[in-house]
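Spelled out from the first residue to the last, the chains are:
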Amino acid sequence: MSISLDNPAPKLEASRSATARSRNVRIASYTILSFLAIFYIWPLFMLINTALRPLTDYLKDPAGFATEPSLTNFSEAWELANFPQYMLNSAIYTASATAIFVLTSLFVAFPIARGYFKGSGVILTLYVVALFLPPALIPQFQLILNLGLYNTRPGFILLFLINPIGMIILVNYMKSIPRELDESAAVDGASYTRYVFKVIFPLIRPAVATVTVLHAIGIWNELILPTIYLTSADLYPITRGLIVFEGVYGSNWPGIAAAVLMLMLPILVLFMFLQRYIIGGLTAGAVKG
Amino acid sequence: MSIMQKNYLFGSAGKWRRLTPLMLLIPGVFLYFLVSLGPSLATTVYAFTDASGLRGAPVNWIGFDNFKEFLFEGLSSRDNIDATVRTLRFSVIVTFVQFTLGLILALLLNQKLRGRTFFRTLFFIPVILGVVIQGLMWKLFLQPRGGPMATIFEWFGLESEFLGGLPGQAFIWVIVVQIWANVGVTMVIFLAGMQTISEDLYEAAKIDGADGWQLFKSITWPQLTPAINTNFLLNIIGSLQAWQLFLVLLGYKPGTQVLGYLVFAEGFGQTEVPAFRQGFAAAASIVLFLLVLVIGFAANRYVNWREERYMA
């Protein structure tokens, strides 16, 4: 803000004090925000900083700065931690489970949104109820165990094929698609499958994007289920692999930091492109009352 | 019913027969019952058995024994009750701080400030990173000897073992990381709520000479009711069920367990003497569920009461 002295515009006393107050508010705001931002930037900075330092250097002074940054930790962690395998596993689990979930959900959400089946309201209620039921953890384990799917890829993927919140988002969005479209499609003789894929799917793309991204991030970040269900190291997703790596190389923080950054990168890239859908999904229905 | 009238799929004019949609509906619903709803309900049954994690091992009905053990049997029940109390304490502190901090952040970042997109993104990012990255990042930051936080402590002549210290101290650091990791969601929901408030309301109030606090009290707060309610409920329920950061930050550390962790540890052999006590774990998860149910129900009643008061 600049105040010009040679053209002193006549101002009311009230508005001048209002300007001063809004400036104070701004200064106070920046002070608080910057203070809090420190706790978000500094840990991230230290993570990057540590990842760039040789281990000996780090052990001498853990809080020191990387004087001669090098990328050796990254290549070392990449090999030691069996990263290519874990990344591939994570990618397989995330992609296949998300694809199957979205595909099956479309054909559940559509008839529910339209009320085309007797009892479709009941099905929707069951999805909502699930949010409040006891955790499924123990019987789920017994189920997978007795199906003989313990410590297998299909068994692990099976656990991620449902997402009640995702389903509710899809149903709500589909309700905004006019029914008249169904009518003309039916009259034109389009097949049901074709209609859902070619007409409904493009129209609900924002909701599909939201649900896809949230579901995929959830799988990518999941730690507990791989801990419970996967015992063979060659089946580990990256999260589990990283925790095991931390257990083995406990004090090699430069290596761990490098590994954490490699796990983080894909999520951050995804976030940069799909931020809108992620935040849209988290706030969906939250503010309408 | 108007719905039935507009049933183009099965009406006489419609060319879609009933079969295809039904066949396509079944896989999704079947998966849902198999993997989610069925097991959820079965938890109630398992809680009354001595089920173990071994394939083919016999499962016996033992009535209320698991619950009796959880509540009344000597040393272990004291640990369980401690864990329950700890869960409540964790939830109260996390809910209060995360709610308040989220609201403050949203108020600050709802102003026309340069760089607000940067700040919003910054505070939100931990949410999408997941517990492994959140936890390891802070484990590094909280290294006791010469680590970044230890260095700050030194400036003030303080010393701490952080996560390796006494259970009570370690517990506080988990609370800090929990709030750090999730306050972004609270903030974003508040921001979304604030964006639905009409600018005209503020303009009118300003003409009447209202100051900042009055604007907040008589416009922002009541208008924000839906977002306040959502955040309040989400924070309470979320923090009662949260435990994964305990796993990453502390591992199985006696004196720090919350109920969620107890279920996992008992059920999947993560205790000091590993045993897959799945029946007992199911009972513990029922206790947690009842806690969430009772508190969630009370909170919901309170929220509805507030809504009637403010929105009427």
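Here the structure is a predicted model, which is why all the values come from computation and not from measurement.

Caption draft 1: Highlighting the overall build of chain A. A count of helices and strands for chain A gives 14 helices and 0 strands. Scanning chain A from its N terminus toward the C terminus, one meets helices and strands in the order α-α-α-α-α-α-α-α-α-α-α-α-α-α. Over its C-alpha atoms chain A spans a radius of gyration of 26 Å, topping by over 25% the 19 Å that the globule rule assigns to 289 residues. Projecting the C-alpha coordinates of chain A onto the three principal axes gives extents of approximately 75 × 65 × 35 Å. Out of the 289 residues in chain A, the part that is buried amounts to 40%. When contacts within chain A are restricted to residue pairs at least 6 apart in sequence, long-range pairs at least 24 apart make up 75% of them.

Caption draft 2: Representation of the overall build of chain B within the structure. Summing up its helical and strand segments, chain B has 13 helices and 0 strands in all. N-terminal to C-terminal, the α/β element order of chain B is α-α-α-α-α-α-α-α-α-α-α-α-α. Taken over C-alpha atoms, the radius of gyration comes to 25 Å for chain B, far larger than the 20 Å a tight globule of 312 residues would show. Overall, the C-alpha framework of chain B stretches about 85 × 75 × 35 Å when taken along its three principal axes. Looking at chain B as a whole, 42% of its 312 residues qualify as buried. Long-range contacts, defined as pairs at least 24 residues apart, comprise 67% of the intrachain contacts of chain B with a sequence gap of at least 6.

Caption draft 3: Expanded view of the domain arrangement of chain A. The domain boundaries assigned to chain A delineate domain 1 (14–72) and domain 2 (83–248). Of note, the centres of domain 1 of chain A and domain 2 of chain A, computed from C-alpha atoms alone, are 38 Å apart.

Caption draft 4: View of the nonpolar core. In terms of nonpolar packing, the biggest core is built from 159 residues, with A109, L170 and V260 of chain A together with A284 of chain B touching the most fellow members. By residue number, the principal contributor to this core is helix α7 (residues 167–194) of chain B, which donates 16 residues. Excluding anything up to four places from it in sequence, L170 of chain A contacts S105, A109, I204, A207 and V211 of chain A.

Caption draft 5: Local environment of the environment of A275 of chain B. Residues and elements named next belong to chain B. Tracing the backbone shows A275 in the loop between α12 (259–267) and α13 (278–311). A275 sits in the partly exposed class, given 15 other C-beta atoms within 10 Å. Spatially, the C-alpha atom of A275 lies 8.5 Å from that of G53, the residues being 222 residues apart in sequence.

Caption draft 6: Broad picture of the confidence of the model for chain B. Residues and elements named next belong to chain B. Counting all residues, the mean pLDDT for chain B is 89, and 94% of those residues have values of 70 or more. Residue range residues 1–6 is modelled with pLDDT below 50. Its contacts to residues more than four positions away, or to other chains, number 2 contacts. Among the scores for the predicted complex, ipTM is 0.88 and pTM is 0.90.

How each quantity is defined
- Residues numbered from 1 in each chain as written.
- Chains lettered and ligands numbered in written order.
- Predicted model: local features only at pLDDT ≥ 70, side-chain atom pairs only at ≥ 80, totals over all residues.
- Helix = DSSP H or I, 4+ residues; strand = E, 2+ residues; numbered from the N terminus.
- Rg over C-alpha atoms; globule rule 2.2 N^0.38 Å.
- Buried ≥ 20, exposed ≤ 12 C-beta atoms within 10 Å, placed from the backbone.
- Contact = placed C-beta atoms within 7 Å.
- Domains from an automatic or database assignment.
- Core = buried A, V, L, I, M, F, W, Y, C linked by C-beta atoms within 7 Å.
- pLDDT = per-residue confidence, 0-100.

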